[in-house]
Amino acid sequence: MNQTIAIDCPAEILVSLHMNAEGLAGFMKQQAAITLFREGRLSSGTAAAWLGMPRVTFLLRAMESGAVLLEDSFDDLARETSLLDGPS
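Predicted model, so just to flag it, every value in this text is computed and none were measured.

A. Just the nonpolar core, in detail. Formed by Ala33, Ile34, Phe37, Ala47, Ala48, Leu51, Met53, Phe58, Leu59, Ala62 and Ala67, the largest nonpolar core amounts to 11 residues. Secondary-structure elements contributing two or more residues to this core are helix 2 (21–38), helix 3 (44–51) and helix 4 (55–64). Beyond its immediate sequence surroundings of up to four residues, Ile34 is in contact with Phe58, Arg61, Ala62 and Ser65.

B. Layout of unusual backbone geometry. The backbone of His18 sits at a positive phi, close to 60 degrees, despite the residue not being glycine. Relative to the assigned elements, His18 resides in the loop between helix 1 (11–17) and helix 2.

C. A look at the environment of Ile7. Inspection of the secondary structure puts Ile7 in the segment before helix 1. With 18 residues separating them along the chain, Ile7 and Ala25 place their C-alpha atoms 9.0 Å apart.

D. Expanded view of the environment of Gln30. Among the secondary structure elements, Gln30 is positioned in helix 2. In this structure Gln30 comes out as partly exposed when scored by relative accessible area, which is 21%. Residues Gln30 and Ala48 lie 18 residues apart in sequence; the distance between their C-alpha atoms is 9.3 Å. Here Gln30 is in contact with Leu51, Met53 and Arg61, once residues within four sequence places are set aside.

Conventions adopted
- Residues numbered from 1 in each chain as written.
- Predicted model: local features only at pLDDT ≥ 70, side-chain atom pairs only at ≥ 80, totals over all residues.
- Heavy atoms only, no water.
- Core = buried A, V, L, I, M, F, W, Y, C linked by side-chain atoms within 4.5 Å.
- Buried < 20%, exposed > 50% of the residue type's maximum accessible area, 1.4 Å probe, protein only.
- Helix = DSSP H or I, 4+ residues; strand = E, 2+ residues; numbered from the N terminus.
- Contact = heavy atoms within 4.5 Å.

Below you can see the structure in the form of C-alpha coordinates.
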(Lines give C-alpha, C1' and ligand atoms only; values in the text may rest on other atoms or scores of the structure.)
Protein backbone atom coordinates (compact mmCIF):
# COMPACT_ATOMS: atom_id res chain seq x y z
CA MET A 1 0.00 0.00 0.00
CA ASN A 2 1.39 3.38 -1.01
CA GLN A 3 1.51 6.23 1.47
CA THR A 4 1.43 9.95 0.65
CA ILE A 5 3.66 12.36 2.53
CA ALA A 6 2.69 16.04 2.55
CA ILE A 7 5.21 18.85 2.96
CA ASP A 8 4.24 22.48 3.46
CA CYS A 9 6.02 24.74 0.98
CA PRO A 10 5.53 28.50 0.71
CA ALA A 11 4.71 29.73 -2.79
CA GLU A 12 7.82 31.94 -2.69
CA ILE A 13 10.03 28.85 -2.68
CA LEU A 14 8.29 27.40 -5.73
CA VAL A 15 8.61 30.74 -7.53
CA SER A 16 12.30 31.09 -6.66
CA LEU A 17 12.98 27.52 -7.86
CA HIS A 18 10.92 28.04 -11.03
CA MET A 19 8.94 24.89 -10.21
CA ASN A 20 5.36 23.95 -9.61
CA ALA A 21 4.34 21.68 -6.73
CA GLU A 22 4.50 18.53 -8.87
CA GLY A 23 7.97 19.40 -10.14
CA LEU A 24 9.27 20.01 -6.63
CA ALA A 25 7.66 16.79 -5.41
CA GLY A 26 9.40 14.81 -8.16
CA PHE A 27 12.73 16.49 -7.44
CA MET A 28 12.45 15.81 -3.71
CA LYS A 29 11.44 12.19 -4.31
CA GLN A 30 14.49 11.66 -6.52
CA GLN A 31 16.80 13.33 -3.99
CA ALA A 32 15.34 11.23 -1.18
CA ALA A 33 15.86 8.02 -3.17
CA ILE A 34 19.46 8.96 -3.99
CA THR A 35 20.21 9.93 -0.39
CA LEU A 36 18.70 6.72 1.00
CA PHE A 37 20.71 4.73 -1.56
CA ARG A 38 23.93 6.56 -0.64
CA GLU A 39 23.30 5.79 3.04
CA GLY A 40 22.79 2.12 2.23
CA ARG A 41 19.16 2.21 3.34
CA LEU A 42 17.71 1.44 -0.13
CA SER A 43 19.08 -0.81 -2.84
CA SER A 44 19.53 0.67 -6.29
CA GLY A 45 16.81 -1.62 -7.62
CA THR A 46 14.30 -0.54 -4.98
CA ALA A 47 15.15 3.14 -5.49
CA ALA A 48 14.84 2.80 -9.26
CA ALA A 49 11.48 1.02 -8.97
CA TRP A 50 10.21 3.73 -6.61
CA LEU A 51 11.17 6.38 -9.17
CA GLY A 52 9.78 4.35 -12.07
CA MET A 53 13.03 4.21 -14.01
CA PRO A 54 15.52 1.54 -15.10
CA ARG A 55 18.16 0.65 -12.51
CA VAL A 56 20.99 1.78 -14.82
CA THR A 57 19.38 5.20 -15.23
CA PHE A 58 19.05 5.51 -11.46
CA LEU A 59 22.69 4.51 -10.94
CA LEU A 60 23.84 7.13 -13.45
CA ARG A 61 21.81 9.84 -11.69
CA ALA A 62 23.10 8.72 -8.31
CA MET A 63 26.71 8.87 -9.53
CA GLU A 64 26.10 12.32 -11.05
CA SER A 65 25.05 13.48 -7.59
CA GLY A 66 28.14 12.06 -5.93
CA ALA A 67 27.14 8.54 -4.92
CA VAL A 68 30.01 6.07 -4.79
CA LEU A 69 29.02 2.69 -6.15
CA LEU A 70 32.12 0.81 -5.04
CA GLU A 71 34.53 1.60 -2.27
CA ASP A 72 38.16 1.11 -3.21
CA SER A 73 38.70 -1.90 -1.00
CA PHE A 74 40.06 -5.39 -1.45
CA ASP A 75 36.63 -6.80 -0.59
CA ASP A 76 35.03 -4.84 -3.44
CA LEU A 77 37.75 -5.91 -5.84
CA ALA A 78 37.40 -9.57 -4.85
CA ARG A 79 33.62 -9.45 -5.16
CA GLU A 80 33.71 -7.79 -8.58
CA THR A 81 36.48 -9.99 -10.01
CA SER A 82 34.80 -13.16 -8.74
CA LEU A 83 31.98 -12.38 -11.15
CA LEU A 84 34.46 -12.78 -14.02
CA ASP A 85 35.20 -16.38 -13.03
CA GLY A 86 31.63 -17.50 -13.72
CA PRO A 87 29.64 -20.01 -11.65
CA SER A 88 31.56 -22.48 -9.56
